[in-house]
Amino acid sequence: MVGKRRTLLWQIQVIALTLSILFCFSLADENDDFVFDPDTTQQFNVGVAKPRRFLLYGVNRGEGFNLSRDVYLRIANLVKILIKDGHEDWTLVLPPWGPLYHWKSQDLKRSQIPWSVFFEIQSLNLYVPVMEFEDFIAENSPIIDEVLYLQRYSEGWNHGKFEEKIDERECIDAPMYKRVKKDLYNGWFWGFEEVRAIGFRCISAQGFVGVIIPVLQSNYSSARSVLLDRAETLLHSRYGDEEYWKARRSMQFAKHLRQIGDEFRHQYLDSDDQKDKTSMLDDWRKVQTKHGQAVGGPYVAVHLRRQDFLYGHKVDVPSLNRTAEQIQPILDKYKVKKLFVATDAPVEGMLIFLVLH
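These numbers come from a predicted model, not from an experiment.

J.: What should I look at first to understand a negative patch on the surface in this one?
T.: Side chains of Glu134, Asp135, Glu193 and Glu194 sit close together on the surface and give a patch of like negative charge. Classification of Glu134 as partly exposed rests on a relative accessible area of 45%.

This is the structure we're talking about:
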């Protein structure tokens, strides 16, 4: 009985397969015979894959971590526009970190630091495609097609009026890129000595990041990799809007750093995500919170700048005594006794601050 059922089931499957094949052939007409004709000269309408292009960027050497982070937001928003409006397959190449003025630890690596040391690459990729610079070299080569060195306009604003414009100009300042061979340029390239560029141009730019789009899509459309150096020249085009905050939220700090911070909070500040209501998901796109939902920990955090910022803003920066006077009322207001201070002040300066506090 079982054998007969199996035979019947097999026959049904064969009949169903035969009918499906006949149905497919019935959809064809006499003009479809070319598919099976080896001598046919007709062509298929097959879409061409979009070429993958790479956008690199650099920031003025000597700038701090925060500005570099902010410039990333501008360029990430730019890549988002390029992918959406330009119908091109762009990938944002992340410039290695360092050296930075504020990094004083001589026993730690201070240059050629990948972004994965500070941020979750997977999280960044949820907004726009990104890759580390070393991965770019490994996947392509140490050759960058074009370097566009962004600069101001030597004549400044036209009659004091701001307007968006962009032009290829002579370099105002001596560029950091030098021709080393007939078709290759040498430059800083974050300390990677094997990296070279085929083309180099100085571009005077005034405006928001979108001002560079026609240049990338027209003037240098054949270049697979383009480096925008001094990218801080371009202004935010989406500052404060939804796309700005999407890019900002994608910049989740690396898990290993958050773990160190969580352990410190737990040990010294009586703080954790559960009590403070600051838990986050790995996918920032799925996080839905209401304003005021997080209550924070039982401490006050202060960023106290006492070196280069103090020298450059003497009039605006309060003394240590005045700083302590401003902090105490805040501690009293929230009825907390613990104070966390992030500072570049020398040890003797912190001792004075602690005595005053």
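We are not done yet, so read on.
J.: Where do I start with the environment of Phe136 in this structure?
T.: The residue Phe136 is located in helix 4 (residues 133–139) in this model. The exposure class of Phe136 is buried, given its relative accessible area of 1%. Placed 82 residues apart in sequence, Phe136 and Phe54 show a C-alpha to C-alpha distance of 8.5 Å. Phe136 has contacts with Phe54, Leu56, Val93, Met131, Ser141, Ile143, Ile144 and Ser225, leaving out every residue within four places of it along the chain.

J.: Which parts of the structure should I look at to understand helix 10 (residues 320–334)?
T.: Owing to its 3.6 residues per turn, the α-helix aligns residues three or four sequence positions apart on the same side. Counted at 1.5 Å a residue, the expected span for helix 10 with its 15 residues is 21 Å, and the 22 Å between its end C-alpha atoms agrees. Along helix 10, the residues classified as buried are Leu320, Thr323, Ala324, Ile327 and Leu331. Taken down its axis, helix 10 places every buried residue within 95° of arc, on the same side. Positioned one or two residues after helix 10, Lys335 has a phi angle of 55°, which is positive.

J.: Help me understand helix 6 (residues 242–250), please; the structure alone is not making it clear to me.
T.: Of the positions making up helix 6, those classed as buried are Glu243, Tyr244, Ala247 and Ser250. Within helix 6, the buried residues cover an arc of 130° as seen down the axis, which keeps them to one side. For helix 6, the side-chain oxygen to backbone nitrogen distance between the N-cap and Glu243 is 3.2 Å, and the N-cap itself is Asp241.

J.: Would you explain the nonpolar core in this entry?
T.: One recurring pattern in soluble globular proteins is that nonpolar side chains are buried together. Among the nonpolar cores identified, the biggest contains 47 residues, and Leu55, Tyr57 and Tyr72 are the most heavily contacted of them. For this core, the element with the most residues is helix 2 (residues 65–86), which contributes 9 residues. In contact with Leu55, not counting residues within four places along its chain, are Ile75, Leu78, Val79, Leu82, Trp90, Thr91, Leu92, Val93, Leu216, Val226 and Leu228. Counting residues in hydrophobic clusters, the runner-up holds 20 residues, among them Met131, Ile144, Tyr177 and Phe189.

J.: How should the side chain of Gln151 be read in this particular structure?
T.: Considering the arrangement of structural elements, one finds Gln151 in strand 4 (residues 143–151). Classification of Gln151 as buried rests on a relative accessible area of 7%. Of the polar contacts made by the side chain of Gln151, one reaches the side chain of Ser204; its length is 3.3 Å. In this structure, Gln151 is in contact with Arg169, Glu170, Cys171, Ile172, Cys202, Ile203, Ser204, Ala205 and Thr233, ignoring residues within four places of it in sequence.

J.: Hey, could you run me through the pairing of strand 9 (residues 225–229) in this one?
T.: Successive side chains on a regular strand alternate, one facing one side of the sheet and the next facing the other. Of all 5 residues in strand 9, 5 are buried, a share of seventy percent or more. Burial of strand 9 is two-sided: the residues Ser225, Leu227 and Asp229 facing one way and the residues Val226 and Leu228 facing the other way are all buried. Here 4 bridges tie strand 1 (residues 52–57) to strand 9, and the two strands are oriented parallel to one another. When the bridges of strand 9 are listed, Phe54 appears paired with Ser225. Pairing between strand 4 and strand 9: 4 bridges, direction parallel. Considered in strand 9, the bridge of Glu146 is made with Val226.

J.: Looking at this structure, how should I read the side chain of Asp283?
T.: Take Asp283: it is sitting in the loop between helix 8 (273–276) and strand 10 (299–304). The class of Asp283 is buried, set by a relative accessible area of 14%. Engagement of the side chain of Asp283 in a polar contact is seen with the side chain of Arg285, the distance being 3.0 Å.

What counts and what doesn't
- Residues numbered from 1 in each chain as written.
- Predicted model: local features only at pLDDT ≥ 70, side-chain atom pairs only at ≥ 80, totals over all residues.
- Heavy atoms only, no water.
- Patch = residues over 30% accessible without salt bridge, like charges linked within 9 Å, V, L, I, M, F, W, Y side chains within 5 Å.
- Areas by Shrake-Rupley, 256 points an atom, 1.4 Å probe, with all protein chains shown as cover.
- Salt bridge = Lys/Arg side-chain N within 4 Å of Asp/Glu carboxyl O.
- Lys, Arg positive; Asp, Glu negative; His and termini not counted.
- Charge placed at Lys NZ, Arg CZ, Asp CG, Glu CD.
- Buried < 20%, exposed > 50% of the residue type's maximum accessible area, 1.4 Å probe, protein only.
- Helix = DSSP H or I, 4+ residues; strand = E, 2+ residues; numbered from the N terminus.
- Contact = heavy atoms within 4.5 Å.
- Expected span 1.5 Å × (residues − 1).
- Arc of directions from axis to C-beta.
- Polar contact = N/O pair within 3.5 Å; in protein donor to acceptor, adjacent residues only side chain to side chain.
- Core = buried A, V, L, I, M, F, W, Y, C linked by side-chain atoms within 4.5 Å.
- Pairing = 2+ DSSP bridges.

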